[in-house]
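Descriptive analysis of the structure
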Amino acid sequence: MEQSKSASDKLAERKARLLDLHKKRQEARTDNHQEVVAEDARKKLPKNWEARKRQAEWLLADDKAREDAQAAGKDYERLKLLEVSAIDAERIEKKKKRKDNPDLGFSTYEAQTARQYSRLVKGMPTRDMEKYEKQKAALGEAFYGGAHTTLHALTKDTPSAINAMVKDLDQQIERRKKYSRRRIYNDDADVDFINERNSKFNKKLDRFYGEHTAEIKQNLERGTAI
């Protein structure tokens, strides 16, 4: 009787172990399936998804910190600047300067003209609608101009406008003198040259053949070129 009971106990123990192994296998199968689904979902996301996610989290934290500072009656911008080191502040300022009006040296006359146009537009004063309407009423049909319209005798520049133009021209002349041989080094650019002469030669090649050789260059850098 004891021997049969012992055998039945062993059988029950083995069944319990087998059931436990079956449960673990099912859990592993479920976990693997969830990981596969999650990995497939990650592959379908944009390439910059992680960066966008970090930016969204930072914006939420920044908004919360701003609300807390306002509730405490403190200046949030001042508090935020107190936590920024001098090195980080310099890096942020350089990045902002490159983003607002990137100055990476002379590339083409079109790019130089576009940069100058953007700078002049940003320096324009705010629009005076009252002055606009007065000038429109005074000039009549000539306000919109045409093939045979002459505004030379109809308009007269104010002394302040003339002084502003002269000041801007003087500033352009001074900047042009300083810019004659000035070049700004881009810290984020790839170093693919051995000296200054080789750097200029590579930039010239890239302007003409860069779009045609981009894939070959990437394969060489990855080591997957045939």
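Notes on the structure in this doc start here. The shown structure was predicted, so the numbers you read here are calculated from the model rather than taken from an experiment.

**Section: the overall build of the chain**
When helices and strands are counted, the chain shows eight helices and zero strands. Going from the N terminus to the C terminus, the chain shows its helices and strands as α-α-α-α-α-α-α-α. Taking the intrachain contacts of the chain between residues at least 6 apart in sequence as the baseline, contacts between residues at least 24 apart amount to 35%. Carbon together with sulfur atoms contributes 55% to the accessible area of the chain, which is approximately 21,500 Å² in total.

**Observations concerning a nonpolar patch on the surface**
Judged by side-chain polarity, Ile162, Met165, Val166 and Leu169 come together as a nonpolar surface patch covering roughly 330 Å² of accessible area. Looking at where Met165 falls in the secondary structure, it is placed in helix α7 (residues 159–178). On the accessibility criterion, Met165 (49% relative accessible area) is partly exposed.

**A word on the side chain of Asp62**
On the secondary structure map, Asp62 appears in helix α2 (residues 49–71). In contact with Asp62, not counting residues within four places along its chain, are Tyr76 and Lys80.

**What to know about the pattern of salt bridges**
Using the criterion set out here, one finds eight salt bridges in the structure. Where Lys24 meets Asp20, a salt bridge forms, and the shortest distance between an N and an O atom there is 3.6 Å. Taken as a pair, Lys24 and Asp20 lie in helix α1 (residues 2–44) at a separation of four residues, close to a single helical turn. Measuring nitrogen to oxygen at the nearest pair gives 3.6 Å for the salt bridge that ties Arg66 to Asp62. Taken together, the positions of Arg66 and Asp62, both in helix α2 and four residues apart, correspond to about one turn of that helix. Looking at Asp62, the relative accessible area reads 8%, which means it is buried. One salt-bridge network, held together by shared partners, links Asp62, Arg66, Glu77 and Lys80.

**Digging into the packing of aromatic side chains**
Working definition: an aromatic ring pair is given by the centre-to-centre distance plus the angle between the planes. Under the defined criterion, the tally for this structure stands at three aromatic pairs. Taking 6.5 Å as the distance between ring centres and 50° as the angle between the ring planes, the aromatic pair formed by Phe208 and Tyr209 counts as tilted. For Tyr209, a relative accessible area of 49% gives the class partly exposed. Of the aromatic side chains, those joined through ring pairs into one cluster are Tyr132, Phe143 and Tyr144.

Calculation notes
- Residues numbered from 1 in each chain as written.
- Predicted model: local features only at pLDDT ≥ 70, side-chain atom pairs only at ≥ 80, totals over all residues.
- Heavy atoms only, no water.
- Helix = DSSP H or I, 4+ residues; strand = E, 2+ residues; numbered from the N terminus.
- Contact = heavy atoms within 4.5 Å.
- Areas by Shrake-Rupley, 256 points an atom, 1.4 Å probe, with all protein chains shown as cover.
- Patch = residues over 30% accessible without salt bridge, like charges linked within 9 Å, V, L, I, M, F, W, Y side chains within 5 Å.
- Salt bridge = Lys/Arg side-chain N within 4 Å of Asp/Glu carboxyl O.
- Buried < 20%, exposed > 50% of the residue type's maximum accessible area, 1.4 Å probe, protein only.
- Phe/Tyr/Trp six-rings, centres within 6.5 Å; stacked < 30°, edge-to-face > 60°.

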